[in-house]
Structure formats: structure tokens, C-alpha cells
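Chain by chain, the residues run as shown.
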Amino acid sequence: MSHHLRTQAQELFMAGVRAADPEAITQRNVEARLDQITGHRLTIIATGKASIPMMRGAMAALSGHDVQKAITVTNRENLTDLEGVMVLPAGHPVPDAQGAYAAQTIIDTVLALGAEDVLLFLVSGGTSAMLPAPAGDLTLDDEIAATQALLASGAPIDAVNAVRGRLSRVKSGGLSRMAGAATLITLMLSDVPGDDPAVIGSGPTMEPEGAAPDISSIMARYNLDTAFSGKVRAHVADARPAPVAEMGARDAAVICSNAISLRTVSEAAAALGYQVNVLSEWLDGDVEAAAHLFARQAQAADRSRPMALIAGGETTVQLVGDGKGGRNQELALRFALHSQELAGPWLFLSGGTDGRDGPTEAAGGHVDDTSVARIGDAAIRAALANNDAYHALAAGSDLLMTGGTGTNVADLQLLLLPPVSADI
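Keep in mind that what you see is a predicted model, and the values were worked out from it rather than measured.

Mind showing me how you'd approach the nonpolar core here?
Side chains that are nonpolar tend, in soluble globular proteins, to be buried together. Counting residues in hydrophobic clusters, the biggest one holds 36 residues, and the most contacted among them are Leu333, Trp346, Phe348, Leu415 and Leu417. Broken down by secondary-structure element, the contributors of at least two residues to this core are helix 14 (287–300), strand 8 (307–313), helix 15 (327–338), helix 16 (371–375), helix 17 (377–385), helix 18 (389–395) and strand 12 (411–417). No other element matches the seven residues that helix 14 contributes to this core. Membership of the second largest hydrophobic core comes to 29 residues, among which are Ile71, Ala103, Ala133 and Val199.

Here it is in C-alpha cells:
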């Protein structure tokens, strides 16, 4: 039964990943905007984990058009040569010198644009880390240290990116201001709650709308006042964008999101005969709370027929140890620990749609009713105390391995519950 459930869960997860196919989605959306592009000088820039397929889709839609320059920046695991495109590597989730070079290359390109130019900017998750461009007197080391502190703080992605915007020349609309009078078209794959364009990739081409985030409250709530150096604290408190004399036309759209993948998983599970319960359309907060949510709902579920409990979003982990893992691996391991008394067979999967969970080659984890016995209760507790979910899951052959998927619309979780009366 467990092997069958694992196969089903993996197939459902990959259906959600395929629903976020960046190449096809980008091609359709660029084709719909050809009237804005035709007759102008065109520059294309794609950044993030899905930048390679997004660039492919754009180039397919623009076959026959004269592209002045095309630049793609992605994480090293997703590097692929593209004809006629400058493909640059960058570090993720922690910025590095290669990302700084890529960011400067983009800055130089954008600053050279004029009113006769169109910039097609394609953004996907991971862009924040991949384009380090320290603002003011900050250094790359300052931005790296601040990013590490943010990632370890347990802050949600919108809070993390609000602070990141203060550290950078390109984030929070920085590239839009640099583009000046050029026409700017931004197409985005969302990996953030609410699909806020100003939060996706820290919004390089998107000026934040509404009230400015309360940075001082974020700093205090997540103990960043002590985690940041004095130099970084002072810059974050004082950073303000410079005004722009002339701004060209701006068009922006979110073309794919976690919600689309979540709906696809729901429909696929229903087609397999499961009664589907969407626990959360954006699951966030600490992984321990998320594990408790799934465990409570599983205990209360009607097991007279097959049930599938699903969610999508992005949880957080507060780092207290020096082990290896990611939020999805830790969530899976915590669910296994909390569900030892759950009746009958079950399978829980939590994975990142990009195929990379934290700084590991695993997409996440999938655990079942035998995982605690196979790994060991004490071993699981020790691993969680050291943020070392990767090695615990590896010991139980419970890592979810997909390889890089070329997309990134946050995470998906699913719990499959066959009827308790089933022949197991």
C-alpha cells in the first residue's frame, strides 16, 4: 500500500509542477503583447529559477523579431545554453559574486535603454537572491550576511523581501527607475502569498503600492536588530528611492502562481477517487504549526472513503542548528513524528515546485505510516533539534527527488488517506 500511495503522491505533485510550465505560459503571454513590441528595439531579461524556460517561451513567441540583447540569470543547477542568449549563473538561496556580476550586467544593460526601447523582463522565484546589488556604501559581504540572517529568522517571504528591497539598487522597483523612458513589460511567475508583484523576486521592476512596509516592526519582530550589523541597520532605516524624471509605459502581469498548481492537484486527486479537502490556499508560518494543522485534520478526517488533504504556500523554519535540510523536509519529518497514532496507512508529501528545498538537491520529503519505525523516533527528534531533516529522511529513503524542474511557484503539500477498512 505504501509504495502505491507514494507513487500516487509523486504523480499528483508532478501534475502541479507541470501546471506551472513556464515555457508555454510565457509564450502565450508574449504573443498577446506583440503589438507593444513590434517596431521597437527589444531587450529581453529573464531572472530566477524558471528563467531558462521563460526565455525559451519568449524567444519562440518572438521568432522573426530583432532582439538586441537577451540575458538570463539562473541558479547553477538549472544552467542550460540558449542560442543567442547570455546565460549567467548566480547563487541561491545565498547571494554570491557571480550573482553580483550578473546583476551589474543587467544594470548596465538597462541604464543604456532609451525611449525607443522595449524591455521585456521575465521574473520567477529566486530572483531576490540571484541579483545582489548592494545599495549605498554596503558591500556584497554585507548583503550576503543580511540575507543569511533573514533566511534564518523565520520571517515570511513578504517581510524578507521588504527588507531586501532596502539593501539593493535593483529591488523594490530599482530596475524600473533605471529603465526610465523605455517601455517596460514585466511577466511574473509567483511564488509569494497573494501574488503581490512587488514581492515576487523583491519586485525589481515593480514600485511597491500602498503604505510602505513598517521595516522597524519587521526588524524588531524577527530579532534582526541584533542579527544585522550596525552598518546594515543604519542603511535599512534610511534607504529611500531616488525620483525618476521620465518614465515610459509600464505593463505587468502575474502569469502563473501556486493557486493554479494547487487547483490542478485538487482536480487530479479527485479524478483518482479522493474526496479533496484544501486545508490552506497559502500555507505559511512555522513548519511545526503546519505539521500540527495537517495532523489534527488527519485525525478528524472521515476515513470511510479515500481522502486527500492538500495545501500550497511557503512555510518557514527558524534555524537553531547546523544540519542540512529545507522547510519541506522538516515539515514532512515533523508530520511523521506527530502522526504515529494515525490509524491505517497514509502518505504525506511536502515539496518545492522548483525541485530544490533549501540548499539541498532534494525537492522535499514524503513520509508514511512506517517512516518513524524505519528512521527511529529518537533519530528524528535529534535531527529536528539540529535542523538536519535531510539526513534523517535519507536514512529512511524518504527524500523527494525530482531534479530541477525549471519552474518555481512555491510549495505543495498533500496527505493521502485511504479508507481505514482497506486491505493493507
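Could you clarify how one ought to interpret the packing of helix 7 (residues 140–152) against helix 8 (residues 157–167) in this entry?
When two helices pack together, you describe them by how their axes are tilted relative to each other and by the distance separating the axes. At a minimum axis distance of 11 Å, the contact between helix 7 and helix 8 shows a crossing angle of 170 degrees. As the angle between them shows, helix 7 and helix 8 are arranged roughly antiparallel. Packed against helix 7, whose contacting residues are Glu143, Ala146, Thr147, Leu150 and Leu151, the element helix 8 presents Val160, Val163, Arg164 and Leu167 at the interface. Taken together, the residues of the contact of helix 7 with helix 8 sort by class into six nonpolar, one polar and two charged.

Explain the sheet that holds strand 12 to me, please; I cannot follow it from the model alone.
The pairing of strands in a sheet happens through backbone hydrogen bonds and is either parallel or antiparallel. Ordered by their spatial adjacency, six strands build an open sheet running 7-8-12-9-10-11, and the pairing between neighbours is mixed. Two strands lie at the open edges of the sheet, namely strand 7 (275–283) and strand 11 (399–400), each paired on one side alone. Here six bridges tie strand 9 (residues 347–352) to strand 12, and the two strands are oriented antiparallel to one another. Pairing of Ser350 across the sheet is with Gln413, part of strand 12. Here helix 13 (residues 258–271) sits on the sheet and contacts strand 7, strand 8 and strand 12; the angle it forms with strand 7, its principal contact strand, is near 165 degrees. Sheet strands in contact with helix 14 are strand 7, strand 8, strand 9 and strand 12, and its direction is about 160 degrees off that of strand 7.

What is the right way to read unusual backbone geometry from this model?
Peptide bonds are mostly trans, and most non-glycine residues show a negative phi. Of note, the bond from His92 into Pro93 is cis; its omega dihedral lies within 30 degrees of zero at 10 degrees. Within the secondary structure, Pro93 sits in the loop between strand 3 (86–90) and helix 5 (97–111). The phi torsion at Asn387 lies on the positive side, around 50 degrees, for a residue other than glycine. One can find Asn387 in the loop between helix 17 and helix 18. Take Asn387: its relative accessible area is 5%, and that puts it in the buried class.

Analysis parameters
- Residues numbered from 1 in each chain as written.
- Predicted model: local features only at pLDDT ≥ 70, side-chain atom pairs only at ≥ 80, totals over all residues.
- Heavy atoms only, no water.
- Core = buried A, V, L, I, M, F, W, Y, C linked by side-chain atoms within 4.5 Å.
- Buried < 20%, exposed > 50% of the residue type's maximum accessible area, 1.4 Å probe, protein only.
- Helix = DSSP H or I, 4+ residues; strand = E, 2+ residues; numbered from the N terminus.
- Axes fitted to C-alpha atoms, helices over the stretch in contact; angles between N-to-C directions.
- Parallel < 35°, antiparallel > 145°, perpendicular 65-115°, else oblique.
- Contact = heavy atoms within 4.5 Å.
- Nonpolar A, V, L, I, M, F, W, Y, C, P; charged D, E, K, R; others polar.
- Pairing = 2+ DSSP bridges.

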